Structures are given as C-alpha cells and as structure tokens.
Amino acid sequence: MNTAAPKKRVAILISGRGSNMMSLVQAACAPDYPAEIVAVLSNRPKATGLIWARDQGIETISLDHQGFESRVCFDQALHEALEAVGAEIVACAGFMRLMTPKLVKRWHNRMVNIHPSLLPAFKGLNTHDRVLAAGVRITGCTVHVVRPEMDTGPILGQAAVPVFNSDTTEVLAERVLTAEHRLYPQILSLFAAERYDINQEVAHFKEDCADGSILLSPKV
Ligand code: GRF
C-alpha cells in the first residue's frame, strides 16, 4: 500500500528563459519528490521558457499583461488561471511583474520566490551590479515566501556564493545562478512536504526535519 502523501500541485510563474523553472521541473521528475509541476504560466507570450516547458508535456499558459487594462484585471486573470490548473503552491521563477497585495494575500503562505541575493540585502533589480559596486565579498540567493512588499517574506533557504575581484556582472550572475539551480529544488521539496513552521514572519524547520541544517555553497 502506498502511504506517501499526495504530491503538491505546483504552478510556476516565469517571464523569460526559465532556467530555474527547468531545475524545478527536472527535480520534480524524481518519484519521491513531494511536488508535481502542473503548469507553467508567463506574462510574456515570447518567454523562451514556455517553449521548453511545452516540449516537456507541461501545460503552459500565456497571459500577456499588455492585453489587460489594469494590474488588478491581470492579477484576477492570473489567479483564475492558477485555480483552474488546481495549483496548491505557486513558485515564482524569474517572474518580472509586481503583484497586487490582493493576489499575494490570496496565495498567503502558498507562494514562493527566488531572488539572486542574500535577502534582506540587495532587494530589487540589477542585484549583481549593486553587489559589485558595494564591494561585498559574499553574495548568494534566497528562496522566500512571497509577501506584498517586493522581495520580502519568510526566508526558507539561502545559498552563499563568493564574490571575486575579477568578477563582472555576467560572471557573478552565472555563479549565483548555479547556486539557484541547486537551492530552489531543495527548498521547494521541503516546502511542499510541509517541513516548515512559519511564526511571526520567520520560517523554521520543523524539529524532525533531517535537512534542517541545509546550507548550500556551490563549488567554484
Ligand atoms: C534569476 O536570477 C532569479 O533569481 C531572478 O530572475 C532570474 C531568472 O532567471 N528572480 P531564469 O529565468 O530562471 O533563468
């Protein structure tokens, strides 16, 4: 008899190439992964990640935000699309669109995101340029639960990445992206398996969580 919990239904939101989406899809192919990717949605019809996802046999939905008269209307359509595919968790992966507080609240503690810095440092865009300009020696990436304010919310996991004197924006971005591809699938797995308690806006691993010491640093 199979007593494993049913896999959580995950929808992924992208806006571009979707390399993080690919890492989640590939991880979710493992029989014991606690989530299945049921759809990939994009606000940009030309997002190259959509083609890849479609080729994997995953349902893809393109909602061109330019076709909506307001952010509220777009978010309503996005919410309905997520409900229609039966999503239980929404994973943002390079989704370059601010959401209305209403949409975020509808998915309270059910929507996660990856950001290419060690939050709460370097929120927002052009992260790696600002990291280099600030001269920090360690950067990284963060997976967090989504809250209405951009790049905030309980932190689920982080990976540290060194910054070298010779780094350009592109070289650093590539090093951080390698860490993102390792971190996001592991954290989504723990989140889908309900291994976190979220109290007072801080996420803690549950006591019996064997992966509770998770700390990722990619080899460079
Ligand atoms: C990643 O660096 C992610 O952290 C950020 O946007 C980028 C998306 O890259 N939010 P990709 O589309 O997953 O390749």
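> Explain the overall build of the protein here, please?
Helices and strands together make up the secondary structure of the protein, namely 6 helices and 9 strands. Here the protein has a C-alpha radius of gyration of 17 Å; the compact-globule value for 220 residues is 17 Å, and the two agree. Projected onto its principal axes, the C-alpha coordinates of the protein cover approximately 50 × 50 × 40 Å. Residue pairs at least 24 apart in sequence account for 63% of intrachain contacts in the protein once pairs closer than 6 positions are excluded. Counting every atom, the protein has about 11200 Å² of accessible surface; 53% of that belongs to carbon and sulfur. Looking at charge distribution, the protein has the averaged site of its 22 positive side-chain charges lying 2 Å from that of its 23 negative ones.

> What should I look at first to understand the pattern of salt bridges in this one?
Side chains bearing opposite charge may pair, as long as their charged atoms lie close to each other. Per the stated rule, a full pass over the model turns up 3 salt bridges. With a shortest N-O distance of 2.6 Å, Glu194 and Lys8 are connected by a salt bridge. Placement of Glu194 in the loop between helix H6 (169-192) and strand E8 (196-199) and of Lys8 in strand E1 (residues 8-14) is noted, with a sequence separation of 186 residues between them. You can call Lys8 buried: its relative accessible area is 17%. The salt bridge partner of Asp167 is Arg175, with a shortest N-O separation of 2.7 Å. Arg175 sits in the buried class, given a relative accessible area of 13%.

> Can you walk me through the state of the cysteines in this structure?
Each disulfide consists of one covalent bond between the sulfur atoms belonging to two cysteines. Under the criterion given, the structure shown has 0 disulfides. Cysteine Cys141 shares no disulfide, and the gap to the nearest cysteine sulfur, in Cys92, comes to 16 Å.

> Sorry if this is basic, but what is going on with the packing of aromatic side chains here?
The description of an aromatic ring pair rests on the distance of the ring centres and on the angle between the ring planes. Scanning the model with the defined rule gives 3 aromatic pairs in all. With a centroid separation of 5.5 Å and 80° between ring planes, the pair formed by Phe68 and Phe74 is classed as edge-to-face. Classification of Phe68 as partly exposed rests on a relative accessible area of 27%. Taking the relative accessible area as the measure of exposure, Phe74 reaches 1% and is therefore buried. Ring geometry for Phe191 against Tyr196: centres 6.4 Å apart, planes inclined by 50°, an arrangement best described as tilted. An aromatic cluster is defined as three or more aromatic residues linked by ring pairs; in this entry it consists of Phe191, Tyr196 and Phe205. Sitting over the face of the ring of Phe74, Arg97 holds its NZ or CZ atom 4.9 Å from the ring centroid.

Cut-offs applied
- Residues numbered from 1 in each chain as written.
- Predicted model: local features only at pLDDT ≥ 70, side-chain atom pairs only at ≥ 80, totals over all residues.
- Heavy atoms only, no water.
- Helix = DSSP H or I, 4+ residues; strand = E, 2+ residues; numbered from the N terminus.
- Rg over C-alpha atoms; globule rule 2.2 N^0.38 Å.
- Contact = heavy atoms within 4.5 Å.
- Areas by Shrake-Rupley, 256 points an atom, 1.4 Å probe, with all protein chains shown as cover.
- Lys, Arg positive; Asp, Glu negative; His and termini not counted.
- Charge placed at Lys NZ, Arg CZ, Asp CG, Glu CD.
- Salt bridge = Lys/Arg side-chain N within 4 Å of Asp/Glu carboxyl O.
- Buried < 20%, exposed > 50% of the residue type's maximum accessible area, 1.4 Å probe, protein only.
- Disulfide = S-S within 2.5 Å.
- Phe/Tyr/Trp six-rings, centres within 6.5 Å; stacked < 30°, edge-to-face > 60°.
- Lys NZ or Arg CZ within 6 Å of the ring centre and 35° of its normal.

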